[in-house]
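An overview of the molecular structure
Now for the letters of each chain:
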Amino acid sequence: MSLVVIGTLAYDSIETPYDRRADALGGSALYFSVAAANFGVVRLVGVVGDDFKTPDLEGLANRGIDIRGVEIANGKTFRWSGRYEADWNTRHTLDTQLNVFEHFDPKLTPACRDASFVFLANAEPRVQMKALGQVQNPSFVVADTMNLWIDIRKDDLLELLARVDGVVLNDEEARMLTGEKNLIRAARKVLTFGPRYVILKKGEHGAFLIGEDAHFSLPAYPVDQVVDPTGAGDCFAGGFMGYVASAQSIEPRTLRRAMLYGTVTASFCVQGFSIEDIGKRTRSDVESRFNELLDITSV
Ligand code: AMP
């Protein structure tokens with residue numbers, strides 16, 4: 001499979017209603033690549049500081065992730081900290097330290113430039129565009145973003161959206177970006193910005209995909225114990241893009257199945273802190289939960 005992801009590798013500090021973790025492995029591209037690795041080789045592009053632990057990088061490589069695009073720069077790794085309310089849906093960002101990511105100038109390896117499938121994980125839109133500009137002939141490009149960039153880099157983000165095939169947004173981001181309260185109207189408005197597809201994630205309420213030739217809605221997999229929702233969106237995208245890239249198709253039927261794979265990988269992610277759960281899952285775990293989800297959503 002020919003899939004590349006550009007975004008953050010991080011150390012996160014997380015507080016949930018029940019527990020907390022400091023300096024846990026995270027980052028938008030890191031979560032994505034761990035989730036997508038169940039479907040084939042994913043090439044990871046990003047930057048870490050010289051404080052990034054060697055075993056953490058080795059762990060990614062051991063999962064089959066191509067880490068040759070990860071630059072090690074002088075300084076500290078990107079750090080993010082957040083706190084969840086008891087409803088799990090409300091998240092407060094307590095601190096974001098860009099550190100080495102502040103001056104990140106992505107330089108793609110020849111293999112990354114050749115990729116057909118590209119995921120621009122959450123990062124500053126200018127960095128996302130700089131990376132995308134280096135991919136020679138991508139066939140399917142999907143971007144993620146967050147409230148911070150909608151707030152402070154909206155013009156850059158709109159420029160990016162005009163250049164991608166798909167965008168993944170959560171409900172809050174879609175409303176913020178469009179000013180529309182109703183999520184279907186919000187998604188349709190996002191389509192007018194350029195992408196052919198919008199994937200809207202609604203946390204425990206599931207996700208839907210909307211585009212000119214596709215409309216598909218799916219509930220979340222019912223997880224009986226959520227431990228840490230951090231990275232669920234990135235893992236959803238990793239399962240979605242991993243499947244699409246392995247199938248080498250963007251037919252509506254493939255995209256529908258990809259939504260199921262996204263839902264399944266996100267459900268593993270929330271069962272543990274950081275990548276503790278998703279990081280140990282195999283393709284066979286993914287397939288059995290895929291079949292279970294298919295079963296419980298069919299009539
Ligand atoms: P998610 O829960 O899917 O929204 O992703 C959470 C991950 O995004 C965490 O591991 C963070 O390290 C990372 N993250 C948080 N803020 C940013 C940001 N401004 N840019 C890029 N990545 C971020």
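None of the values given here were measured: they were computed from a predicted structure.

To describe a pair of aromatic rings, you give the distance between the ring centres and the angle between the ring planes. Per the counting criterion, the structure on display carries 10 aromatic pairs. Consider the rings of Phe 140 and Tyr 197, whose centres lie 6.4 Å apart with planes at 65°: the pair is edge-to-face. With Phe 140 in strand S9 (residues 140–144) and Tyr 197 in strand S11 (residues 197–201), this residue pair connects regions lying 57 residues apart in the sequence. The exposure class assigned to Phe 140 is buried, which follows from its relative accessible area of 1%. The buried category is assigned to Tyr 197, whose relative accessible area is 4%. Consider the rings of Tyr 261 and Phe 290, whose centres lie 4.2 Å apart with planes at 25°: the pair is stacked. Of this pair, Tyr 261 sits in helix H10 (residues 252–269) while Phe 290 sits in helix H11 (residues 283–297), placing them 29 residues apart in sequence. Judged by its relative accessible area of 2%, Tyr 261 falls in the buried class. Accessibility expressed as a relative area gives 3% for Phe 290, which makes it buried. Through pairs of rings, three or more aromatic residues link up here, namely Phe 39, Tyr 243, Tyr 261 and Phe 290.

Relative to the assigned elements, Asp 156 resides in helix H6 (residues 154–161). By relative accessible area, Asp 156 is classed as buried at 15%.

Let us now look at the pattern of salt bridges. What the rule picks out here adds up to 17 salt bridges. Of the charged contacts in the structure, one is a salt bridge between Glu 276 and Arg 21, with a shortest N-O distance of 3.5 Å. Of the two residues, Glu 276 sits in the loop between H10 and H11 while Arg 21 sits in strand S3 (residues 20–26), which places them 255 residues apart along the sequence. Its relative accessible area of 30% is what places Arg 21 among the partly exposed residues. A salt bridge links Arg 68 to Asp 66; its shortest N-O distance comes to 2.9 Å. A residue is classified by how much of its surface remains accessible, and Arg 68, at 64% relative accessible area, is exposed. By relative accessible area, which is 10% here, Asp 66 ends up buried. A single salt-bridge network, built from bridges that share partners, covers Asp 19, Arg 21 and Glu 276.

This part takes up the pairing of strand S10 (residues 166–170). Summarising burial for S10: four of the five residues are buried, a large majority. Here three bridges tie S9 to S10, and the two strands are oriented parallel to one another. In the strand pairing of S10, Asp 144 is matched with Val 168. Two strands pair when backbone bridges link them, and S10 and S11 are joined in this way by five bridges, in the parallel orientation. Note that in S11 the partner of Val 167 across the bridge is Val 198.

Across the sheet, which stays open at both edges, the nine strands sit in the order S5-S4-S1-S8-S9-S10-S11-S12-S13 with mixed pairing between neighbours. The sheet is open, and its two edges are formed by strand S5 (66–73) and strand S13 (214–218), each paired on a single side. Pairs of neighbouring strands in the sheet enclose a mean axial angle of 15°, with direction left out of account. Packed on one face of the sheet, helix H9 (residues 232–247) meets strand S1 (3–6), strand S8 (117–120), S9, S11 and strand S12 (207–211) and runs near 170° to S8.

For helix H4 (residues 125–132), the tally of buried residues reaches six of eight residues, placing the bulk of the element in the interior. Every buried residue belonging to H4 is among Pro 125, Val 127, Gln 128, Met 129, Ala 131 and Leu 132, and all of these are buried. Contacts made by the buried residues of H4 are with S1, S8, S9, helix H5 (147–152) and H6.

With that settled, consider unusual backbone geometry. Positive phi values are uncommon outside glycine, yet Asp 23 reaches one of about 50°. Tracing the sequence through the fold places Asp 23 in strand S3. A positive phi angle, close to 70°, is found at Trp 88, a residue other than glycine. The residue Trp 88 is located in the loop between strand S6 (78–84) and strand S7 (91–97) in this model. Residue Trp 88 is classed as buried on the basis of its relative accessible area of 19%.

Calculation criteria
- Residues numbered from 1 in each chain as written.
- Predicted model: local features only at pLDDT ≥ 70, side-chain atom pairs only at ≥ 80, totals over all residues.
- Heavy atoms only, no water.
- Phe/Tyr/Trp six-rings, centres within 6.5 Å; stacked < 30°, edge-to-face > 60°.
- Helix = DSSP H or I, 4+ residues; strand = E, 2+ residues; numbered from the N terminus.
- Buried < 20%, exposed > 50% of the residue type's maximum accessible area, 1.4 Å probe, protein only.
- Salt bridge = Lys/Arg side-chain N within 4 Å of Asp/Glu carboxyl O.
- Pairing = 2+ DSSP bridges.
- Axes fitted to C-alpha atoms, helices over the stretch in contact; angles between N-to-C directions.
- Contact = heavy atoms within 4.5 Å.

This is a description of form; function is not addressed.
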